[in-house]
Amino acid sequence: MSVKEQLQAMKEQAKEQIKLARSIHELNDMKAKYLGKKGSFASIMSKMKDLSPEERPTFGKLTNEAKQVILEYIESQKEVIELAKIEAKLQEEKIDVTLSGRHFPHGHLHLLTQIKRDMEEFFIGMGYTIKEGPEIEIDEYNFEKLNLPKDHPARDMQDSFYITDNTLLRTHTSPVQVRTMLEDEGKNPIKIICPGKVYRRDDDDATHSHQFMQLEGLVVDEKTTMADLKGTLHAAAKHLFGESREIRLRPSYFPFTEPSVEVDVSCHNCGGKGCHICKQTGWIEILGAGMVHNNVLRDSGYDPSKYQGFAFGMGIERIAMLKYGINDIRAFYTNDLRFIGQFK
Ligand code: PHE
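Notes on the structure in this doc start here. (Residues numbered from 1 in each chain as written. Predicted model: local features only at pLDDT ≥ 70, side-chain atom pairs only at ≥ 80, totals over all residues. Heavy atoms only, no water.)

Quick look at the nonpolar core
Phe 123, Phe 312, Met 314 and Phe 332 are the most contacted members of the largest nonpolar core, which has 45 residues in total. Counting only elements with at least two residues in this core, the list comes to α5 (111–125), β5 (211–221), α8 (226–241), β7 (257–266), β8 (283–292), β9 (308–315), α10 (316–324) and α11 (337–340). Aside from chain neighbours lying at most four places away, what touches Phe 123 is Tyr 128, Ile 193, Leu 215, Thr 232, Ala 236, Phe 312 and Met 314. Counting residues in each nonpolar core, the second largest holds 22 residues, with Val 220, Val 296, Tyr 302 and Ala 311 among its members. (Core = buried A, V, L, I, M, F, W, Y, C linked by side-chain atoms within 4.5 Å. Buried < 20%, exposed > 50% of the residue type's maximum accessible area, 1.4 Å probe, protein only. Helix = DSSP H or I, 4+ residues; strand = E, 2+ residues; numbered from the N terminus. Contact = heavy atoms within 4.5 Å.)

Dropping the structure here:
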């Protein structure tokens, strides 16, 4: 085989083989195989010494050209490999923008929180301030200063969770009223609401829960009357159950108010004609209220000959149950999303 033929054969073989290189590493192997010290090209070059001086320039030209061609093959395969690398990376990082998004469920406020906030806003609009107090309370504030001395039979109305002889989980939010009156040392008028959790040793059933929420109000001033109480509660009832609601007051008993009343609102379901919700009476009991008892005013530093006050207390669960026709109070506390999710 002439040198020319050998070179031609080498070029052809190189063309085929270099095309098969799939990585830079394989390509370097090819480069070594053809152009390295012990490669095919070197072995052809070694024949130079056997040639006559006249033959050498042609030989040189041919070999140079062959070397150049092989280098070009390598260069162009290098580009191919690099492009393939980029392509593979693009494939790997491909994002399908047409894929529909994952659903992240949104939470929302619990119905009781919604009602509490709605009531707070209503009373703030009437000039009230929100007051909060501890859920672990001393007997003195939960009972004694509310005209309920230790042996008072009315303590049975609110079965309690005692922690020690003198501390208990508050059975109502009224102790916050005591705290506020004591803070003001009988000097300033008071107009507050106290929303919060309360606890009673009841057996849980459809209408009883050992933990529930109350919202109480207290107004103390020099010219506060029962008419103010009635007007306030009528406005609250209309806000909660609709503009055409009426209220009526029935005499009742609470140790901390005198006189005490139970407040009924005309039924929002039947408008007063009588239905299953109002048990055919046309009226629904929604809260307890009254004029602050003289003993309560006096025990917390207010002079009853100068100051009068009214107070009212309602259960937030009860309001929610009436408004939305919920018939089991336990539903608020069992965290079933099928229930909770209905009140977005
Ligand atoms: N504290 C009373 C209760 O929990 C409710 C109430 C508050 C009644 C204020 C009258 C005045 O039963």
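Let's talk about the site of the ligand
Taken together, 14 residues lie near the ligand, and His 172, Ser 174, Arg 200, Gln 214 and Glu 216 sit nearest. Here an oxygen atom of the ligand and a side-chain polar atom of Arg 200 are 2.9 Å apart. For the ligand, the protein covers 92% of the area, taking 330 Å² as the surface of the free molecule. For the shell around the ligand, the elements supplying multiple residues, two or more each, are β5, β8 and β9. Among the elements that take part in the shell around the ligand, β9 stands out by supplying three residues, more than any other. Partitioning the shell around the ligand into residue classes produces five nonpolar, seven polar and two charged. (Near = heavy atom within 4 Å. Polar contact = N/O pair within 3.5 Å; in protein donor to acceptor, adjacent residues only side chain to side chain. Areas by Shrake-Rupley, 256 points an atom, 1.4 Å probe, with all protein chains shown as cover. Nonpolar A, V, L, I, M, F, W, Y, C, P; charged D, E, K, R; others polar.)

Let's talk about the pattern of salt bridges
Side-chain pairing between opposite charges can occur once the charged atoms of the two side chains come close. Following the criterion strictly, the structure yields 17 salt bridges and no others. As a salt-bridge pair, Glu 140 and Lys 145 come within 3.4 Å of each other at their nearest N and O atoms. Take Glu 140: its relative accessible area is 35%, and that puts it in the partly exposed class. Take Lys 145: its relative accessible area is 16%, and that puts it in the buried class. Glu 185 is the salt-bridge partner of Lys 187, the closest N and O atoms lying 2.7 Å from each other. Taking the relative accessible area as the measure of exposure, Lys 187 reaches 54% and is therefore exposed. A residue is classified by how much of its surface remains accessible, and Glu 185, at 53% relative accessible area, is exposed. Each of the salt bridges in this network shares a partner with another, and the network as a whole consists of Asp 139, Glu 144, Lys 150 and Arg 155. (Salt bridge = Lys/Arg side-chain N within 4 Å of Asp/Glu carboxyl O.)

Section: helix α7 (residues 174–183)
For α7, the tally of buried residues reaches seven of ten residues, placing the bulk of the element in the interior. Considering only its buried residues, α7 is in contact with β2 (136–138), α6 (139–142), β4 (190–199), β5, α9 (294–299) and β9. Glu 185, located one to two residues past α7, shows a positive phi value of around 50 degrees.

Some remarks on a negative patch on the surface
A grouping of Asp 156, Asp 159, Asp 202, Asp 203, Asp 204 and Asp 205 is seen on the molecular surface, where their side chains present a negatively charged patch. Tracing the backbone through its elements, the reader meets Asp 205 in the loop between β4 and β5. We classify Asp 205 as partly exposed; its relative accessible area is 31%. (Patch = residues over 30% accessible without salt bridge, like charges linked within 9 Å, V, L, I, M, F, W, Y side chains within 5 Å. Lys, Arg positive; Asp, Glu negative; His and termini not counted. Charge placed at Lys NZ, Arg CZ, Asp CG, Glu CD.)

Considerations on the layout of surface pockets
In this model, the second largest pocket occupies a volume close to 160 Å³. What lines the second largest pocket is simply His 103, Phe 104, Pro 105, His 106, Gly 107, His 108, Leu 337, Ile 340, Gly 341 and Lys 344. A per-class count over the lining of the second largest pocket returns four nonpolar, five polar and one charged. (1 Å grid on protein atoms, 1.4 Å probe; cavity = no way out; pocket = protein on both sides within 12 Å on 5 of 7 lines; lining within 4 Å. Points joined across faces, edges and corners; volume = space filled by probe spheres on them.)

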